[in-house]
Amino acid sequence: MLRTSASRVLDDSDRDEVLALLDTDPVANVFVASRVRSVGLHPTRLGGQMWGFGPRGALTSLCYAGANLVPVNAGPEAVHAFADRARKQGRRCSSIVGPAPAVELLWERLEPYWGRARAIRWSQPVMATSQKPSVPADPLVRRVRPDEFDILLPACVAMFTEEVGVSPNGGDGGALYRTRVAELIRIGRSYARIEDGRVVFKAEIGAVTPRACQIQGVWVAPAARGHGHAVAGMAAVVEAALACFAPVVSLYVNDFNHAARAVYRKVGFREVDTFMSVLF
């Protein structure tokens, strides 16, 4: 491994500088920015560490090291420094995700030490829109109520398993995942069409900043697919997101998921970047 300038662990005294750097690309950085704005940079609250590259007052790159390893604005020198720290710390994350060039280089540096990944999603288009959809929104898509948690949870588990390839109920029995689902319902960022006690369509707004938000967990019940629920449901969620949360709505999707990409284009999303994910 090349020797480079070292990264350092940031703290709350770096918050303003970190947010300024994150705001240079509010769509790509929405997940990390949302975490920092919500809880700051103290590792206990953040659920991990924030690594910085560059001197105090002149940060050029970041890396969120929590449940995910997420490089931010990281060129080759910064990636090498972050990889060096991650190698010494040992793998604590369930995935590496972020802009494709940085993630690819980070994984190239870490794979010899961390071993093979469970799956690699080499190309994940990042899509965004700031316009109200031109297609009709499903009027039956609404915020999920707290008393509907038990109805929503099986759909969330099915979506996660289908998308990621493993159940979220492993390890801790799904406790952390259930807590996250309940939290998104509580703060009004979980949307669904529910009929006869079953979810037909669902999606969550997983990350929010004043400049952008990110939709996640889009799912249509298998028996209801092919009937337009995804397009109309997404139109409803985008309308709600633009009205309630942020001026830009984003998401990212696997490049091989042609059906989903077609749905998002119909709703008005356009590709603006490319992510890559390494899953463990």
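Overview of the structure. All values reported here derive from a predicted model rather than from experimental measurement. (Residues numbered from 1 in each chain as written. Predicted model: local features only at pLDDT ≥ 70, side-chain atom pairs only at ≥ 80, totals over all residues. Heavy atoms only, no water.)

## Observations regarding the overall build of the protein chain
- Secondary structure summary: the protein chain contains nine helices and 12 strands in total.
- Against the compact-globule benchmark of 19 Å for 280 residues, the protein chain has a radius of gyration of 19 Å, which places it among compact chains.
- With the C-alpha coordinates of the protein chain rotated into their principal frame, the extents come out at 60 × 35 × 35 Å.
- Accessible surface, the protein chain: about 12,900 Å² in total, of which carbon and sulfur atoms supply 53%. (Helix = DSSP H or I, 4+ residues; strand = E, 2+ residues; numbered from the N terminus. Rg over C-alpha atoms; globule rule 2.2 N^0.38 Å. Areas by Shrake-Rupley, 256 points an atom, 1.4 Å probe, with all protein chains shown as cover.)

## As for the pattern of salt bridges
- Considering all chains together, one arrives at 16 salt bridges under this definition.
- Between D14 and R8 there is a salt bridge, and its shortest N-O distance comes to 3.7 Å.
- We note a salt bridge from D14 to R56, for which the minimum N-O separation is 2.7 Å. You can see D14 sitting in the loop between β1 (8-9) and α1 (15-22) and its partner R56 sitting in the loop between β2 (49-53) and β3 (61-65), a full 42 residues away along the chain.
- Under the relative-accessibility criterion, D14 is labelled buried at 1%.
- Residue classification places R56 among the exposed residues on the basis of a relative accessible area of 53%.
- Among the charged side chains, a salt-bridge network with shared partners connects R142, R145, D147 and E148. (Salt bridge = Lys/Arg side-chain N within 4 Å of Asp/Glu carboxyl O. Buried < 20%, exposed > 50% of the residue type's maximum accessible area, 1.4 Å probe, protein only.)

## Considering the packing of aromatic side chains
- Going through the model one piece at a time under the given rule, you end up with eight aromatic pairs.
- Their ring planes at 55° and their centres at 5.1 Å tell us that Y252 and F275 sit as a pair that is tilted. Here F275 lies in strand β12 (residues 270-279) and Y252 lies in strand β11 (residues 249-252), a separation of 23 residues in the sequence.
- The structure contains a cluster of three or more aromatic residues connected by ring pairs, namely W51, F53 and F82.
- Here R85 stacks its cationic end above the ring of W51, 5.8 Å away from the centre of that ring.
- The cationic tip of R87 hangs over the ring face of Y113; the distance from NZ or CZ to the ring centre is 5.1 Å. (Phe/Tyr/Trp six-rings, centres within 6.5 Å; stacked < 30°, edge-to-face > 60°. Lys NZ or Arg CZ within 6 Å of the ring centre and 35° of its normal.)

## Focus on the environment of G268
- Structurally, the position occupied by G268 is in the loop between α9 (258-267) and β12.
- G268 sits in the partly exposed class, given a relative accessible area of 27%.
- Counting along the chain gives 136 residues from G268 to K132, while the straight-line C-alpha distance between them is 7.9 Å.

## Thoughts on the side chain of H80
- The residue H80 is located in helix α4 (residues 76-89) in this model.
- A polar contact of 3.3 Å, which involves the side chain of H80, links it to the side chain of R109. (Polar contact = N/O pair within 3.5 Å; in protein donor to acceptor, adjacent residues only side chain to side chain.)

## Description of unusual backbone geometry
- Even without being glycine, N73 reaches a positive phi, approximately 50°.
- Within the fold, N73 resides in the loop between β4 (68-72) and α4.
- Look at N73 and you get partly exposed, because its relative accessible area is 48%.
- Here the phi dihedral of D196 falls at roughly 50°; this positive angle occurs in a residue that is not glycine.
- In this fold, D196 is placed in the loop between β8 (190-195) and β9 (198-208).
- Classification of D196 as exposed rests on a relative accessible area of 81%.

## Notes on the state of the cysteines
- Applying the stated rule across the entire model yields zero disulfides.
- Here C156 is not cross-linked by a disulfide; its sulfur's nearest cysteine counterpart is in C213, at 18 Å.
- Here C213 is not cross-linked by a disulfide; its sulfur's nearest cysteine counterpart is in C244, at 9.8 Å. (Disulfide = S-S within 2.5 Å.)

## Comments concerning the environment of P133
- Relative to the helices and strands, P133 resides in the loop between β6 (119-129) and β7 (142-143).
- The sequence separation of P133 and V220 amounts to 87 residues, and the corresponding C-alpha distance is 19 Å.
- Contact partners of P133, with chain neighbours within four places excluded, come to A235, V238, E239 and V267. (Contact = heavy atoms within 4.5 Å.)

## Some details on the packing of helix α6 (residues 149-164) against helix α7 (residues 175-186)
- Close contact between α6 and α7 brings their axes to 10 Å; oriented N to C, the two are set at 120°. Considering the angle they form, α6 stands oblique to α7. Note that α6 runs across α7; the crossing there is right-handed. Here F149, L152, L153, C156, V157, M159 and F160 of α6 come into contact with α7, specifically with Y177, R178, V181, A182 and I185.
- When its residues are assigned to classes, the contact of α6 with α7 shows 11 nonpolar, no polar and one charged. (Axes fitted to C-alpha atoms, helices over the stretch in contact; angles between N-to-C directions. Parallel < 35°, antiparallel > 145°, perpendicular 65-115°, else oblique. Left-handed = near helix turned anticlockwise from the far one by under 90°. Nonpolar A, V, L, I, M, F, W, Y, C, P; charged D, E, K, R; others polar.)

## Considerations on helix α5 (residues 100-114)
- At E108, α5 shows its maximal kink, close to 35°; a proline, P112, follows between one and four residues later.
- The complete set of buried residues in α5 reads A100, A102, V103, L105, L106, W107, R109, L110 and W114.
- Elements that come into contact with the buried residues of α5 comprise β4, α4, β5 (95-99), β6 and β12. (Bend = angle between axes of the 7 residues up to and from the residue.)

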